[in-house]
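Below are the chains, spelled out letter by letter.
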Amino acid sequence: MDALTAPSPLIVPPAPKVHARPIGNLRAIWEMSRSLVGSWSEADFDDLLTPYVFLGQPGLVVSDPAGVRHVMGSHAHNYRRPGKSARPIRALVGGGLLLTEGETWRRQRKSLAPAFTPAAIGALLPHFTAAGAALADRLTGCDRANLAEAFHQTALDAVLRALFSRNADADGAEMARLARRYLEGPAHLNLFDFLAKGADDLAMGDTARRRIGGQWFAAVEALIAERHANPRPDCHDLLGRLLAARNEDGAPLGDAEIRDQCGTMLAAGFETTSRLLFWTAYLLTLDTATQDRVRAEIVAFPPERVTSLDDLKAWPLMRSVLMEALRLYPPVPLIAREVVTADEILGCRVEPGHMIMISPWLIHRHRKLWDQPLAFQPERFIDQPHPWGIDAFIPFGAGPRVCIGASFALAEAQIILASLLERFNIALPAGARPVLPKAGISLAADHEPNFDLTPIA
Ligand code: HEM
């Protein structure tokens, strides 16, 4: 057995308490308004299909991989993203890809696809390297740092650079400020979100979202207007690709659509990736032997040498660690669908209006689907060059609406993590309180600890 495949000792990272028995509706609202992963019971980690009724509305929790494939893949046309699940993010993404349906979605997905090919992502690598280097420089001289905050800033920096060739410290600072204000406040689910029947119901619960969303779109529009005024054909960024994108009839995308797609990429891309980076760093403080082995890969091939996606293959253990972080702490812990056409999922009848819950959190920790489901064992992914083929692994969703930014996120996360670990050993102070996940629109941490940073000699 070589150093790469040596198994880590059994490490079980912290997770919220699982209820001994299913909880009632009122308790579920209370738990879910605090954290979307706080309402599961023991039975949910054993059962693969669980019918339920929530506030009078029937639904089905689907954890069986065949059921997930049915809902998100082969029979995706019978389902849609529920309007009300859009409430916390609609103000940032408008009519962008994340929330459109039917023909509009199909057209948008097709016109955006060229911006996410391996070649297009490869052209964005210098932006990720610059964001990683900026992070390492900011931390130089610090012996402690709030890495949750640092990753937030860096992931936003990376996506601003990739989208607009801007950075979050200087000319992108307004976007960074707005994103942070939104995520700290209105992005959280509120009581109106649970009681609303649709996206536009109980609009008083959305006032703060609309206010910050208006400023957000104004900032995005200003960046687009500036590019129109000063075209930069040499710029390898997503905005350049969106401006060059064409619909099937050959027409360019309208300004409002470009604005909404930019807002979507920013909102969908930076927070999820920053959560992935945080949980990965946290796991590496729990398993210092694995942290050392990842660093050995980085020393052998430093991030400054990365010029193509192929170069990222130099870090197989790091990639496995990221996969295991995505398994244990999926940044998107819950995926919801609403039934639009009556259907049958593994023998279970569902009618229009019924809700389907597919939880990467639950599926990734399910006792029937994984060996040692609660343990941090990155080696389980080492021989899996295509982990998306694993049925019970859906951090980026599945089927036609699978995350369009998955390769973007993974390339970015690998380069940023490498830039950090190349320069610092990271640890948490002895006796530090365990960090528990707290899920809203993404899987955040219940508190943001200061990590000890020791420069690598
Ligand atoms: C670790 C990082 C990320 C995770 C875990 C993640 C996860 C997901 C998941 C689970 C979905 C599917 C949701 C559903 O089916 O309801 C999704 C969709 C989407 N993601 Fe990501 N994402 C990440 C990064 C990104 C990035 C970097 C971008 C853009 C640059 C992005 C853009 C999108 C978009 C536009 C969609 C909607 C796709 C469609 O409906 O066709 N994501 N993401």
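Conventions used here
- In this convention, every chain numbers its residues from 1, walking through the sequence in written order.
- Since the coordinates come from a predicted model, pLDDT governs what is reported: local features require at least 70, and pairs of side-chain atoms require 80 or more to be given and counted, while whole-chain, interface and lining totals use all residues.
- The side-chain figures draw on all heavy atoms in the structure; neither hydrogens nor water molecules are used.
- Elements are defined by DSSP. Helices are runs of H or I of four residues or more, strands are runs of E of two residues or more, and each kind is numbered from the N terminus.
- As a reference, a globule follows 2.2 Å times the number of residues to the power 0.38, and the radius of gyration itself is taken over C-alpha atoms.
- Each residue gets one of three labels from its accessible area relative to the maximum for its type: buried under 20%, exposed over 50%, partly exposed in between, using a 1.4 Å probe on protein chains only.
- Contacts: residue pairs with any heavy atoms within 4.5 Å of one another.
- Methods summary: accessible areas were calculated by the Shrake-Rupley approach with a probe of 1.4 Å, and residue burial reflects only the protein chains presented.
- Each metal site is built from N, O and S donor atoms within 2.8 Å (3.2 Å for Na, K and Ca), and since water is not included, such sites may look incomplete.
- A helix is expected to reach a length of 1.5 Å times the quantity of its residues less one.
- Note on bend: the value at a residue is the angle between axes fitted to the seven residues ending there and to the seven starting there.
- Summary of the distance rule: residues count as near a molecule or strand when at least one heavy atom falls within 4 Å of that molecule or strand.
- Throughout this description, a polar contact denotes any pair of N or O atoms lying within 3.5 Å of each other; where both atoms belong to protein, one of them has to be capable of donating a hydrogen while the other can accept it, and for residues adjacent in sequence the pair is counted only when both atoms sit in side chains.
- Residues are grouped as follows: Ala, Val, Leu, Ile, Met, Phe, Trp, Tyr, Cys and Pro are nonpolar; Asp, Glu, Lys and Arg are charged; all remaining types, including Gly, are polar.
- In what follows, salt bridge is the name for a side-chain nitrogen of Lys or Arg lying within 4 Å of a carboxyl oxygen of Asp or Glu.

## Brief notes about the overall build of the protein chain
Phase 1: Within the protein chain, the secondary structure is distributed over 15 helices and 12 strands.
Phase 2: Relative to the 2.2 N^0.38 estimate, which gives 23 Å for 457 residues, the radius of gyration of the protein chain is 21 Å and therefore close to what a compact globule would have.
Phase 3: In the protein chain, which comprises 457 residues, the proportion classed as buried is 54%.
Phase 4: Across the protein chain, every contact between residues at least 6 apart in sequence was considered, and the portion connecting residues at least 24 apart equals 74%.
Phase 5: Looking at the protein chain as shown, the accessible area adds up to about 18,800 Å², and 58% of this sits on carbon and sulfur atoms.

## Some thoughts on the coordination of the iron atom of the ligand
Angles between donor atoms at a metal ideally measure 109.5 degrees for a four-coordinate tetrahedral arrangement and either 90 or 180 degrees for a six-coordinate octahedral one.
Phase 1: Just one protein ligand coordinates the iron atom of the ligand, and it is Cys403 (SG) at 2.3 Å.
Phase 2: Residue placement: Cys403 occurs in the loop between helix 14 (360–364) and helix 15 (406–423).

## A word on helix 5 (residues 118–139)
Phase 1: With 22 residues, helix 5 extends 31 Å between its outermost C-alpha atoms, agreeing within 8% with the 32 Å of an ideal straight helix rising 1.5 Å per residue.
Phase 2: In the structure, helix 5 departs most strongly from a straight axis at Leu124, where the bend amounts to approximately 35° and where the proline Pro126 lies between one and four residues downstream.

## Remarks on the environment of Cys235
Phase 1: Mapped onto the elements of the fold, Cys235 is located in the loop between helix 9 (207–229) and helix 10 (238–244).
Phase 2: Residue classification places Cys235 among the buried residues on the basis of a relative accessible area of 11%.
Phase 3: Through-space distance from the C-alpha of Cys235 to that of Ala162 is 9.9 Å; in sequence the pair is 73 residues apart.
Phase 4: Setting aside residues no more than four positions away along its own chain, Cys235 makes contact with Ser165 and Arg227.

## Points about the site of the ligand
Phase 1: Taken together, 27 residues form the shell around the ligand, and within it Arg81, Trp105, Arg109, Arg337 and Cys403 come nearest.
Phase 2: At 2.6 Å, a side-chain N or O of Arg81 approaches an oxygen atom of the ligand.
Phase 3: Within the side chain of Trp105, one N or O atom sits 2.8 Å away from an oxygen atom of the ligand.
Phase 4: With 7 residues, helix 11 (residues 255–286) is the single largest residue contributor to the shell around the ligand.
Phase 5: Classifying every residue of the shell around the ligand by side-chain character gives 17 nonpolar, 6 polar and 4 charged.

## Brief notes about the pattern of salt bridges
Phase 1: The full count for this structure, using the stated rule, is 21 salt bridges.
Phase 2: Residue Asp137 is joined to Arg423 by a salt bridge in which the shortest nitrogen-to-oxygen separation is 3.1 Å. Within this pair, whereas Asp137 is found in helix 5, its partner Arg423 is found in helix 15, the two being separated by 286 residues in sequence.
Phase 3: Judged by its relative accessible area of 48%, Asp137 falls in the partly exposed class.
Phase 4: Of the residues examined, Arg423 reaches a relative accessible area of 31% and is grouped as partly exposed.
Phase 5: Where Glu379 meets Arg293, a salt bridge forms, and the shortest distance between an N and an O atom there is 2.9 Å. Remark: Arg293 occurs in helix 12 (residues 288–300) and Glu379 occurs in the loop between helix 14 and helix 15; sequence separation between them is 86 residues.
Phase 6: The exposure class of Glu379 is buried, given its relative accessible area of 14%.
Phase 7: Three or more residues are tied together by salt bridges with common partners; here these are Glu42, Asp46 and Arg367.

None of this, on its own, says anything about what the molecule does.
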